[in-house]
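Descriptive structure summary
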Amino acid sequence: MTSHEIDYRIYGEEMQYVEIELDPQEGVVAEAGSFMMMDDGIKMETIFGDGSQKDQGFLGKILGAGKRILTGESLFMTAFYNDLTGKRNVSFASPYPGKIIPIDLTENNGKFICQKDAFLCAAKGVSVGIEFSKKMGRGLFGGEGFIMQKLEGDGMAFVHAGGTMAKKVLQPGEILKVDTGCIIGFTQDIDYDIEFVGGIKNTIFGGEGLFFAKLQGPGTVYIQSLPFSRLAGRIISSLPKGGSSKGEGSILGGLGDLLDGDNRF
């Protein structure tokens, strides 16, 4: 194996975190800001890109970091190494309510494609790059754009999903239509394209967007029930206007707040 062989355990239900066990000289790379806790003796290092290639030179590191900028991620990643004898643990947390999904790249022919903000962490040696769409429709109307992340190598990687995760195994020729924001990722054999919803009423009044993601097998697809963009949109739409409460669930609204005795804010 070119990637480090790591052991792991996932804790929690709605707000999960993954604990990774590092043997001596083993390491893991993670998105900046996902770190939760670690045992004493683990060395932390901020690196350009994913650090999967050795001796790639300064220019190679700059190009690798530049690819990450295209996906909207941080210029840097964080690597954690166990430089001591004995096993050490390091943990990484999901950034919002949902599930952490372990992906064994050896079981996916060495490659997995995911949304640009889904990657959480991976064994040292896994390459975190970008996957460009070759289809114009997907690039223009895909919701998340034509740039996705690709995870390559022979180690373990971890991605996170919002809400509840659904795993669908598609047979050859089998088609699954999904909201474009609900895709977490899929195996490399999946054919991914965009399909117009169709119908005047659906287009104008449907409220579900104009396009579906059309996924055709064979392969495996991971779907999330609550994309972060949808969660953020609901929160923003519920924010009070002008600093006043919306009076959720009360016909009296603001007057009801005066009567219920909860006037702390």
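We now turn to the structure provided with this report. (Residues numbered from 1 in each chain as written. Predicted model: local features only at pLDDT ≥ 70, side-chain atom pairs only at ≥ 80, totals over all residues. Heavy atoms only, no water.)

1. Things to note about the sheet that holds strand β17 (residues 191–196)
Spelled out, the test is: Strands are labelled as partners when DSSP assigns at least two bridges between them. Secondary structure elements follow DSSP: runs of H or I no shorter than four residues count as helices, runs of E no shorter than two count as strands, and numbering proceeds from the N terminus. A fitted line through C-alpha atoms represents every axis, and for helices the fit uses only the stretch in contact; the resulting angles, taken between N-to-C directions, go from 0 to 180 degrees.
As summarised here, the arrangement of the three strands in space is β15-β18-β17, forming an open sheet in which the pairing is antiparallel. Unpaired on one side and paired on the other, β15 (175–179) and β17 mark the two borders of the sheet. Put simply, the sheet's adjacent strands are angled 30° from each other on average, direction ignored.

2. Let's talk about a nonpolar patch on the surface
To keep things clear, this is the line we draw: What goes into a patch is any residue over 30% in relative accessible area without a salt bridge, connected to like charges within 9 Å or, for nonpolar side chains (Val, Leu, Ile, Met, Phe, Trp, Tyr), within 5 Å. Using a 1.4 Å probe, the Shrake-Rupley method yields the accessible areas, and only the shown protein chains count as cover for residues. Here, a salt bridge means any side-chain nitrogen of Lys or Arg that lies within 4 Å of a carboxyl oxygen of Asp or Glu. To sort residues, take the accessible area from a 1.4 Å probe on protein chains only and compare it with the maximum for the residue type: under 20% means buried, over 50% means exposed, and anything in between is partly exposed.
A cluster of nonpolar side chains, contributed by Phe35, Met36, Met37, Met38 and Met44, occupies part of the molecular surface with about 440 Å² of accessible area. Looking at the nonpolar patch element by element, the count peaks at four residues for strand β4 (residues 35–38). As for its placement among the helices and strands, Phe35 is situated in strand β4. Residue Phe35 is classed as partly exposed on the basis of its relative accessible area, which comes to 36%.

3. Here we look at the sheet that holds strand β13 (residues 156–162)
Reading across the sheet, the six strands line up as β5-β6-β3-β10-β13-β8 and stay open at both edges, with antiparallel pairing between neighbours. Pairing within the sheet leaves two strands with one partner each, and these edge strands are β5 (42–48) and β8 (98–104). Neighbour-to-neighbour, the strand axes of this sheet turn through a mean angle of 20°, independent of strand direction. Relative to strand β6 (residues 76–82), strand β3 (residues 27–31) is paired through five bridges, and the arrangement is antiparallel. Residue pairing across strands places Val28 opposite Phe80, the latter belonging to β6.

4. Here we look at the packing of aromatic side chains
Put simply, the rule reads: Between rings of Phe, Tyr and Trp, where Trp is taken as its six-membered ring, a pair exists when centres lie within 6.5 Å; planes separated by under 30 degrees are stacked, by over 60 edge-to-face, and by other angles tilted.
For the structure shown, the criterion picks out six aromatic pairs. Consider the rings of Tyr8 and Phe158, whose centres lie 5.0 Å apart with planes at 75°: the pair is edge-to-face. Of this pair, Tyr8 sits in strand β1 (residues 7–11) while Phe158 sits in strand β13, and the two are 150 residues apart along the sequence. Judged by its relative accessible area of 0%, Phe158 falls in the buried class. Judged by centre distance (5.1 Å) and plane angle (15°), the ring pair of Tyr11 and Tyr17 falls under stacked.

5. Notes on the side chain of Lys111
Here is the rule: In what follows, a contact means two residues having at least one pair of non-hydrogen atoms within 4.5 Å.
The residue Lys111 is located in strand β9 (residues 111–114) in this model. Residue Lys111 is classed as buried on the basis of its relative accessible area of 14%. For Lys111, the residues in contact, after removing those within four places along its chain, are Leu105, Glu131, Lys150, Leu151, Glu152 and Gln188.

6. Focus on the pattern of salt bridges
This structure, assessed with the given rule, holds five salt bridges. Across the pair Lys87 and Glu21 runs a salt bridge whose closest N-O atoms are separated by 3.7 Å. Of this pair, Lys87 sits in the loop between β6 and β7 (88–93) while Glu21 is found in strand β2 (residues 17–22), placing the two residues 66 residues apart along the sequence. By relative accessible area, Lys87 is classed as partly exposed at 47%.

7. Focus on the side chain of Thr220
Here Thr220 lies in strand β19 (residues 219–224). Beyond its immediate sequence surroundings of up to four residues, Thr220 is in contact with Lys167, Lys168, Val169, Gly185, Phe186, Thr187 and Ile190.

8. Some remarks on the nonpolar core
This is how the line gets drawn: Definition of nonpolar core: a set of buried residues of the types Ala, Val, Leu, Ile, Met, Phe, Trp, Tyr and Cys, connected through side-chain atoms within 4.5 Å.
Judged by nonpolar contacts, the single largest core of 21 residues is most densely connected at Ile101, Ile103, Phe112, Leu151, Val159 and Ile184. Those elements that place two or more of their residues in this core are β6, β8, β9, β10 (119–123) and β13. Excluding residues within four positions of it along the chain, Phe112 makes contact with Ile103, Leu105, Gln149, Lys150, Leu151, Gly185, Phe186, Thr187 and Tyr222. Formed by 16 residues, the second largest nonpolar core is a distinct cluster that contains Ile42, Phe80, Val90 and Phe92.

9. A short note on unusual backbone geometry
In the segment running from Gly217 into Pro218, the intervening peptide bond is cis, with an omega of 20°. Relative to the elements of secondary structure, Pro218 occurs in the loop between β18 (211–216) and β19. Not every positive phi belongs to a glycine, and Gln25 is a case in point at roughly 75°. Within the element layout of this structure, Gln25 appears in the loop between β2 and β3. Classification of Gln25 by relative accessible area gives exposed; the value is 53%. Positive phi is not limited to glycine here, since Asn109 has a value of about 55°. Note on placement: Asn109 falls in the loop between β8 and β9. Taking the relative accessible area as the measure of exposure, Asn109 reaches 62% and is therefore exposed.

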